[in-house]
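Here is what each chain is made of, one letter per residue.
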Amino acid sequence: MSNYNVIEVAPDGSLRSAERELAEPAAGHVRVRVEACGVCHSDSFTVQPHDPAQGSPIPGHEIVGVIDALGPEVEGWSTGQRVGVGFLGGHCGVCQSCRMGNFVACTDQPQTGVGVDGGYAEVVYARATGLVAIPDELTPAEAAPLLCAGFTTFNALLKANTKADDLVAIQGIGGLGHLGIQYAARMGLRVVAVARGTAKEKLARELGAQHYIDSTETDPGEELGKLGGAQVVIATAAAGDISPLLNGLASGGRLVVVGASDEPVKVTPMQLVFGDVRIMGSLTGSAVQNENNLRFATDQGIRAMIETRPMSEAAEAYERMADGDARFRMVLTV
């Protein structure tokens, strides 16, 4: 075919169907036939509020598909191979960060679905250094949310230097949190789920949480302190004040923020000095680290709870995600 179907952002910020012309991939890039694409909260960076000066971008960065064309200078990949593309679209290999081996901090790395067209489409073009091999055991719809939501929580737990039997709190039981509980439990950690209300307590325990804190009824920091203090708190919710969680950290504990929000985190010098607490963020990771994530999830039976929709219903799926109605990840299928 000479054209392919996409879901792009219209000037008014709505999602609409359109067509793009099929082209050969550029040097160092591949063309992928999309089979599934997750709908992530970070897609809102592209959709709303939308700057008409950006043109009509295509959102989506939890992409699974099959390579159908290789550009010049691509090695190590072949047509017909199943691949994924995440939020970080591939490092350049020549900037100072890349020369130091810090591919996540590459200064010339596209953000899929933000700086370059994403996976709400039948076809996507991707830099080969950003490709992630997909295990045969995972279906496209299963793999898609693990590429970002799963990877984000998996790598956050690793970056926090967790070790077996650490007390780890997962704040928020949504698209990220319900996966974070599973990863933490499978890593041999003692898991505390922190959420508003009690509606998700039964699910949290089924996913692997040993303790549950209702933040609407008690101070989560105090409750974590009663359990001995958490070595790590992973804050996944994209809204709300997470500062009270700092009081629930053990000495030397880490608050790792993965939910993108404008809400400030308030910390006192006393907490930093006498509590030796640390605040850090975590932004997914490299392509090979993502492959480690997928293999761990496959081996340990970790799966996202998903709702699928055909690509033609992308607008409805996006709204369901944005309204917080999804349980817990929306996935578009082609």
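First things first, this report covers the structure right here in the doc. Everything numeric here is computed off the predicted structure, so don't read it as measured data.

### Section: the nonpolar core
Here is step 1: Formed by 45 residues in total, the largest nonpolar core has its most connected members in Leu157, Ile181, Tyr183 and Ile234.
Here is step 2: Mapped by element, the contributors of at least two residues to this core are helix H3 (140-159), strand S8 (167-171), helix H4 (177-186), strand S9 (190-195), helix H5 (201-207), strand S11 (230-235) and helix H8 (287-300).
Here is step 3: In this structure, Leu15, Val34, Val124 and Met321 belong to the second largest nonpolar core, which totals 35 residues.

### Things to note about the side chain of histidine 61
Here is step 1: With respect to the helices and strands, histidine 61 occurs in the loop between helix H1 (44-47) and strand S4 (62-70).
Here is step 2: One polar contact links histidine 61 to aspartate 43, side chain to side chain, over a distance of 3.3 Å.
Here is step 3: Here histidine 61 is in contact with Cys37, Cys40, Ser42, Asp43, Val85, Gly86, Phe87, Thr112 and Cys148, once residues within four sequence places are set aside.

### Description of a nonpolar patch on the surface
Here is step 1: Where nonpolar side chains cluster on the molecular surface, the patch consists of Met270, Leu272, Val273 and Phe274 and spans about 470 Å² of accessible area.
Here is step 2: Relative to the helices and strands, methionine 270 resides in helix H7 (residues 269-274).

### Structural notes on the layout of surface pockets
Here is step 1: Of the pockets and cavities examined, the largest pocket occupies roughly 1300 Å³.
Here is step 2: If you go around the largest pocket, you meet 48 residues; those closest to its centre are Leu176, Thr236, Ala237, Ala238 and Ala239.
Here is step 3: A per-class count over the lining of the largest pocket returns 24 nonpolar, 17 polar and 7 charged.
Here is step 4: Lining the second largest pocket are 20 residues, and of these Thr129, Gly285, Ser286, Ala287 and Val288 sit closest to its centre.
Here is step 5: The set of elements that each furnish at least two residues to the lining of the second largest pocket consists of strand S7 (131-133), H3 and H8.
Here is step 6: By residue class, the composition of the lining of the second largest pocket is 11 nonpolar, 9 polar and no charged.

### Focus on unusual backbone geometry
Here is step 1: Note that the residue after arginine 327, namely phenylalanine 328, is joined by a cis bond; omega there is 0 degrees.
Here is step 2: Mapped onto the secondary structure, phenylalanine 328 falls in the loop between helix H9 (314-322) and strand S15 (329-333).
Here is step 3: Even without glycine at this site, aspartate 276 takes up a positive phi of about 55 degrees.
Here is step 4: Tracing the backbone shows aspartate 276 in the loop between H7 and strand S13 (278-281).
Here is step 5: Judged by its relative accessible area of 33%, aspartate 276 falls in the partly exposed class.

Criteria and thresholds
Residues numbered from 1 in each chain as written. Predicted model: local features only at pLDDT ≥ 70, side-chain atom pairs only at ≥ 80, totals over all residues. Heavy atoms only, no water. Core = buried A, V, L, I, M, F, W, Y, C linked by side-chain atoms within 4.5 Å. Buried < 20%, exposed > 50% of the residue type's maximum accessible area, 1.4 Å probe, protein only. Helix = DSSP H or I, 4+ residues; strand = E, 2+ residues; numbered from the N terminus. Polar contact = N/O pair within 3.5 Å; in protein donor to acceptor, adjacent residues only side chain to side chain. Contact = heavy atoms within 4.5 Å. Patch = residues over 30% accessible without salt bridge, like charges linked within 9 Å, V, L, I, M, F, W, Y side chains within 5 Å. Areas by Shrake-Rupley, 256 points an atom, 1.4 Å probe, with all protein chains shown as cover. Salt bridge = Lys/Arg side-chain N within 4 Å of Asp/Glu carboxyl O. 1 Å grid on protein atoms, 1.4 Å probe; cavity = no way out; pocket = protein on both sides within 12 Å on 5 of 7 lines; lining within 4 Å. Points joined across faces, edges and corners; volume = space filled by probe spheres on them. Nonpolar A, V, L, I, M, F, W, Y, C, P; charged D, E, K, R; others polar.

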